[in-house]
Amino acid sequence: MIVAMTRGADDTLVSAVEERIRSYGLVPIRLPGGERVAIGIVSAIPTETRETLAETLQVMDGVDHVTHVSRPYKLASREFHAVDTVISIGQTEFGGRRLALIAGPCSVETEDQMMAAAQTVKAAGGTMLRGGAFKPRTSPYAFQGLGREGLKIMRDAAKAHGLSTVSEVMSPGDVAMVAEHVDMLQIGARSMQNYPLLVEAGASGHPVLLKRGPSASIDEFLLAAEYLLSRGARDVVLCERGVHPLDKTYVRNTLDLNAVPVLKEISHLPVIVDPSHGTGFARLVPPMALAAVACGADGLIVEMHPNPREARSDAAQALEPPVLIDLFRQVSRVAEAVGREARLAE
Ligand code: PEP
Ligand code: MN
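Residues numbered from 1 in each chain as written. Chains lettered and ligands numbered in written order. Predicted model: local features only at pLDDT ≥ 70, side-chain atom pairs only at ≥ 80, totals over all residues. Heavy atoms only, no water.

(A) Up close: the overall build of the chain. The number of helices and strands found in the chain is eleven helices and 14 strands. Overall, the C-alpha framework of the chain stretches about 75 × 45 × 40 Å when taken along its three principal axes. By the burial criterion, 53% of the 346 residues in the chain qualify as buried. Sequence separation of at least 24 residues holds for 66% of the intrachain contacts in the chain that already meet a minimum separation of 6. Carbon and sulfur atoms make up 52% of the accessible area of the chain, which totals about 15,000 Å². Of the side-chain charges in the chain, 35 are positive and 41 negative, and the distance between the mean point of each set is 3 Å. (Helix = DSSP H or I, 4+ residues; strand = E, 2+ residues; numbered from the N terminus. Buried < 20%, exposed > 50% of the residue type's maximum accessible area, 1.4 Å probe, protein only. Contact = heavy atoms within 4.5 Å. Areas by Shrake-Rupley, 256 points an atom, 1.4 Å probe, with all protein chains shown as cover. Lys, Arg positive; Asp, Glu negative; His and termini not counted. Charge placed at Lys NZ, Arg CZ, Asp CG, Glu CD.)

Structure below.
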């Protein structure tokens, strides 16, 4: 941490800041500059002290600004964990050479729908089935999901086709129950900053797919991951799913593909992309899915529906079964071009 004093801050003010730093058991070092004095901290600052210290120093007389030198997250950062984290769930691998290919409907609706969806996902070369049973809907009158019953339907369909499962959990009180039914918990974009939920999901030790909030910065996203890791989770996968767009005329969200190489650079956690919520329209999903693989994503989570016109949520972005099959074929070719592989050998 560096504390930059204002121009003209006198020795009394500088000494007071040094004294405050010492009161935390830390060692300040004065760095005289041409125009102003800065004060560095030589010793390691305990993670729990960092925010409070920065805030108290910031409001002291003569302090211009306080800058952090290290990143605010430790467990999620490559600074402290240089090697890529690789996570295996059934046949799905996150962060290794092979891409994680996840697909399924937005919502679990019926047994037939999930059986048909699972069959297509399997045929396409996917290894994990998605489907929401607890749905975060903007309107309280919209379909809210089938709850526990939906999780059972999904589990049976996945089992019948040798797939793993991922589904959203919205409430801390449901974490244990959802974890019993699915292989991976999903924390949705709207819940990325629901801290009690992150604490509970992290403590469950279950694998978590953490989606980026629609307005979350990269640091906020990684701090949400830090919540999970600091409570004991190891298997955390980051998912870029689009941020609020400048213009909603043509897209639902803006898929921030910059986030993929940025996150891979500063974090060791696997990063996958959701081109469905990231665009909002089925015809935009394939090109953005391919772009995501080209820029280094470790996998994709894609919405499809056996009959998109009948989907009870997110119909406009659901891929028809043949389109999903064709997309994953193309994904294989792009994966190969960038030194990765996609589908299991047929
Ligand atoms: C979903 O996966 O169906 C979903 C609601 O996603 P997000 O949280 O990214 O909006
Ligand atoms: Mn959806």
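Continuing now.
(B) Spatial organisation of the site of ligand 1. Close to ligand 1 lie 13 residues, the nearest being Arg 130, Gln 186, Ala 189, Lys 211 and Arg 241. At 2.7 Å from an oxygen atom of ligand 1 is found a side-chain nitrogen or oxygen belonging to Arg 241. Within the complex, 98% of the 300 Å² of free accessible area of ligand 1 lies under protein. Taken together, the residues of the shell around ligand 1 sort by class into three nonpolar, three polar and seven charged. (Near = heavy atom within 4 Å. Polar contact = N/O pair within 3.5 Å; in protein donor to acceptor, adjacent residues only side chain to side chain. Nonpolar A, V, L, I, M, F, W, Y, C, P; charged D, E, K, R; others polar.)

(C) Region of interest: the side chain of Thr 127. By the element assignment, Thr 127 lies in the loop between α3 (111-124) and β8 (128-130). Within the structure, the side chain of Thr 127 is placed 2.7 Å from the side chain of Thr 92, a separation counted as a polar contact.

(D) Structural context of the environment of Gly 173. Looking at where Gly 173 falls in the secondary structure, it is placed in the loop between β9 (164-168) and α5 (175-181). Residue classification places Gly 173 among the exposed residues on the basis of a relative accessible area of 65%. Considered as a pair, Gly 173 and Leu 197 are 24 residues apart in the sequence and their alpha carbons are 8.3 Å apart.

(E) Geometry of helix α10 (residues 285-294). Of the positions making up α10, those classed as buried are Val 285, Pro 286, Ala 289, Leu 290, Ala 292 and Val 293. Summarising the axial view, the buried residues of α10 lie within an arc of 155°, below the 170-degree limit, and thus occupy one face. Looking one or two places after α10, you find Gly 296, whose phi comes out positive at around 105°. (Arc of directions from axis to C-beta.)

(F) Structural context of the coordination of the manganese ion (ligand 2). Around the manganese ion (ligand 2), the protein contributes the donor atoms Cys 106 (SG), His 277 (NE2), Glu 303 (OE) and Asp 314 (OD), at 2.1 to 2.4 Å from the metal centre. For the manganese ion (ligand 2), the single-chain donor residues occur in sequence as C-x170-H-x25-E-x10-D. Of this pair, Cys 106 sits in the loop between β7 (100-104) and α3 while Glu 303 sits in strand β14 (residues 299-303); the two residues are 197 residues apart in sequence, bridging distant segments of the chain. For the pair Cys 106 and Glu 303, a shared accessibility class is recorded, and that class is buried. (Donors = N, O, S within 2.8 Å, 3.2 Å for Na, K, Ca; no water.)

(G) Structural view of the side chain of Thr 85. Along the chain, Thr 85 falls in the loop between β4 (63-67) and β5 (87-89). Residue Thr 85 is classed as buried on the basis of its relative accessible area of 6%. One polar contact links Thr 85 to His 268, side chain to side chain, over a distance of 2.8 Å. Sequence-distant contacts of Thr 85, that is, excluding residues within four places in its chain, are made with Phe 94, Gly 95, Arg 234, His 268 and Pro 270.

(H) Structural context of the pattern of salt bridges. This structure, assessed with the given rule, holds 18 salt bridges. A salt bridge links Glu 18 to Arg 30, with the nearest nitrogen and oxygen atoms 2.9 Å apart. Of this pair, Glu 18 sits in helix α1 (residues 11-23) while Arg 30 sits in strand β2 (residues 28-32), and the two are twelve residues apart along the sequence. For Glu 18, a relative accessible area of 8% translates into the label buried. Residue Arg 78 pairs with Asp 84 through a salt bridge whose shortest N-O separation is 2.4 Å. What you see here is one network of salt bridges that share partners, running through Asp 11, Glu 18 and Arg 30. (Salt bridge = Lys/Arg side-chain N within 4 Å of Asp/Glu carboxyl O.)

(I) Local environment of the sheet that holds strand β1 (residues 2-5). The four strands lie next to each other as β2-β3-β1-β4, forming an open sheet whose pairing is antiparallel. Two strands in the sheet have a free side with no partner beyond their single neighbour: β2 and β4. Each strand of the sheet is rotated relative to its neighbour by a mean of 20°, with strand direction disregarded. Sheet contacts for α1: β1, β2, β3 (37-41) and β4; angle to β2, the most-contacted strand, approximately 150°. (Pairing = 2+ DSSP bridges. Axes fitted to C-alpha atoms, helices over the stretch in contact; angles between N-to-C directions.)

(J) Representation of unusual backbone geometry in the model. Of note, Asp 314 is a non-glycine position whose phi angle comes to about 50°, a positive value. As for its placement among the helices and strands, Asp 314 is situated in the loop between β14 and α11 (321-337).

(K) Quick peek at the pairing of β1. Direction of pairing for β1 relative to β4: antiparallel, over a ladder of four bridges. Residue pairing across strands places Ala 4 opposite His 65, the latter belonging to β4. As defined by bridge partners, β1 adjoins β3 across three bridges and the pair is classed as antiparallel. Note that in β3 the partner of Ala 4 across the bridge is Ala 38.

(L) Structural view of the packing of aromatic side chains. On inspection of all chains with the given rule, the structure shows one aromatic pair. Judged by centre distance (4.6 Å) and plane angle (25°), the ring pair of Tyr 195 and Tyr 227 falls under stacked. Taken together, the residues span a long stretch of sequence, with Tyr 195 in helix α6 (residues 195-204) and Tyr 227 in helix α7 (residues 218-230) at a distance of 32 residues. Its relative accessible area of 31% is what places Tyr 195 among the partly exposed residues. Over the ring of Phe 281 we find Arg 283; its NZ or CZ atom is 5.5 Å from the centre of that ring. Above the ring of Phe 143, the side-chain terminus of Arg 312 is found at 3.8 Å from the ring centroid. (Phe/Tyr/Trp six-rings, centres within 6.5 Å; stacked < 30°, edge-to-face > 60°. Lys NZ or Arg CZ within 6 Å of the ring centre and 35° of its normal.)

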